[in-house]
Amino acid sequence: MTVAFDVLLIGTLLWIAIGSLSEAKLFKSVVMFVVFGLFLAIAWVRLGAPDVALAEAALGAGVTGTLMLDAVGHIRSRTTPYPLDPGEHPAEGEDDDV
Amino acid sequence: MSPATLYPLAGAALFAVGVYGLLARRHLLHKVIAANFLGSGVFLILIGLGKRATGLTPDPVPQAMVLTGIVVTVALTALALALIKRYYSATGLTTFEPLDESEDER
Amino acid sequence: MMDPVLMGLGAVIVMTAFLGILRIQRGPSGADRMLAAMLFGTAGVALALILAEAAGAGGARDAALVFALLGAITAVAFVKRAWGAGD
Amino acid sequence: MDFARIALTVIEYALYAAGAFFFLAGSIGLLRFPDVYTRLHSLTKADNLGLGLVCMGLAVRSGSAIVALKLLFIWMLVLAAGSTACYLVAESARSAGIEPWTREARR
């Protein structure tokens, strides 16, 4: 049973990683990244490292996932990007919602 | 298979997935995600090798290193995301070269 | 040695979480994908508690507390920053 | 092995089985239900009930009052966080114009 659990956990981990990178839609990739962080934290608990699991869940999945959602929102919030002409840059400080 | 062999192998596979994503995906956010996977693979190898036979307490030194590494990864990711947002605001691009119309990934 | 009953229960919960990934891949709107992430939050709490009991590591219960917060925090980030941009 | 211990083990395993059942039911609901609101329903009710049952089983197993209290608090935190997140997602889905599924709309 323990080996079955390990194999399932590792298989899910790798499947989420591959799925997240083979996804064209950004939002799907980011959600799968958050889910990956959760499963990695479970793997740390399984390997007898609960303090690493604590840091991974709070930082690796929580903070990183939140930052990535914020970046996706920033990129998505402009449906038409600025013109690609290198001469035309937007005015300085116009878009600073960081 | 004991966890001491299974998890480092999974870490190696995860590292390979990360390298693939870092090289093959063009969107910068995908590259950041792939770099995170790559780092997680290394962490998995370290902690998996630190886990000794059942009954023994795991080796604490790799755990401390991984704990530091997670914090460094978060700082790195935050910097990369801030740079991507700034780059997007300045140029309207999300890759290093303009995308074709047909494969617009935004 | 790990209790096989607890590990079997853990394997079942990993499998239910596995089903949630299908919803991430399918889900028509962003909210559906967030729901799957919240499912993983609940399943993660259960798995952390089960492993804490099976391995005799009480510290893992503190990790479960962080898992519980995580679902709410990602949902807030999703609603405030990433919502309303199409799918 | 005395009778009380056997009875406790039976109760514990029954709680695990019920918890696993509700987890499975929640996941299948998440997959099969037609719209966001019904999926939220299956997620926040069935899954949190499953977690509560698993927590109860683990509390029976540990046999220590402190651990049982901590498990109870973890469950209550999950309930509070889950219902808050559920409200937020449903509210934003509603204001984004996602209509609830009805039998009439399907015809």
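Remember, it's a predicted structure, so these values are computed and weren't measured experimentally.

*Asks:* What should I look at first to understand the interface of chain A and chain B in this one?
*Replies:* Size of an interface, as often reported, equals the accessible area lost when the parts are brought together. In this assembly, 54 residues from chain A lie in contact with 47 residues from chain B. The contact between chain A and chain B buries some 4,400 Å² in all, and 73% of this surface belongs to carbon and sulfur atoms. Remark: the boundary between chain A and chain B carries 1 salt bridge. In this structure, lysine 85 of chain B and aspartate 70 of chain A form a salt bridge, with 2.8 Å as the shortest nitrogen-oxygen distance. Run the count over chain A and chain B and you get 9 residue pairs in polar contact (both at pLDDT 80 or more). When residues of the side of chain A that touches chain B are traced back to their parent elements, those giving at least two are α1 (2–21), α2 (26–46) and α3 (50–76) of chain A. In terms of residues, the side of chain A that touches chain B owes the most to one element, α3 of chain A, which gives 16 residues. Classifying every residue of the side of chain A that touches chain B gives 34 nonpolar, 9 polar and 11 charged.

*Asks:* Whenever I open this one, the nonpolar core confuses me. Can you help?
*Replies:* Soluble globular proteins tend to pack their nonpolar side chains together in the buried interior. Ranked by size, the top nonpolar core spans 113 residues in total, and within it Phe39 and Trp44 of chain A, Leu44 of chain B together with Phe40 and Val45 of chain C carry the most contacts. Per element, the largest residue contribution to this core is 18 residues, and it comes from helix α2 (residues 30–55) of chain C. Apart from the residues lying within four places of it in its own chain, the contact partners of leucine 44 of chain B are Leu13, Leu40, Trp44 and Leu47 of chain A together with Tyr7, Pro8, Ala10, Gly11 and Leu14 of chain B.

*Asks:* Please clarify how the pattern of salt bridges should be interpreted in this entry.
*Replies:* Charged atoms that come close allow side chains of opposite charge to pair. The final tally for this structure, using the stated rule, is 9 salt bridges over all chains. For aspartate 3 of chain C, the salt bridge identified is with arginine 61 of chain D, shortest N-O distance 3.0 Å. With one member in each of two chains, aspartate 3 of chain C in the segment before α1 (4–26) and arginine 61 of chain D in helix α2 (residues 36–62) form a pair that bridges those chains. A relative accessible area of 17% means that aspartate 3 of chain C is categorised as buried. Judged by relative accessible area, arginine 61 of chain D falls into the partly exposed class, the value being 29%. With its nearest N and O atoms 3.8 Å apart, the salt bridge here joins glutamate 53 of chain C to arginine 61 of chain D. With glutamate 53 of chain C in helix α2 and arginine 61 of chain D in helix α2, the pair connects residues from two separate chains. Each member of the salt-bridge network shares a partner with another, and the members are Asp3, Glu53 and Arg61 of chain C together with Glu12 and Arg61 of chain D.

Analysis parameters
Residues numbered from 1 in each chain as written. Chains lettered and ligands numbered in written order. Predicted model: local features only at pLDDT ≥ 70, side-chain atom pairs only at ≥ 80, totals over all residues. Heavy atoms only, no water. Contact = heavy atoms within 4.5 Å. Buried area = accessible area lost by both parts, 1.4 Å probe. Salt bridge = Lys/Arg side-chain N within 4 Å of Asp/Glu carboxyl O. Polar contact = N/O pair within 3.5 Å; in protein donor to acceptor, adjacent residues only side chain to side chain. Helix = DSSP H or I, 4+ residues; strand = E, 2+ residues; numbered from the N terminus. Nonpolar A, V, L, I, M, F, W, Y, C, P; charged D, E, K, R; others polar. Core = buried A, V, L, I, M, F, W, Y, C linked by side-chain atoms within 4.5 Å. Buried < 20%, exposed > 50% of the residue type's maximum accessible area, 1.4 Å probe, protein only.

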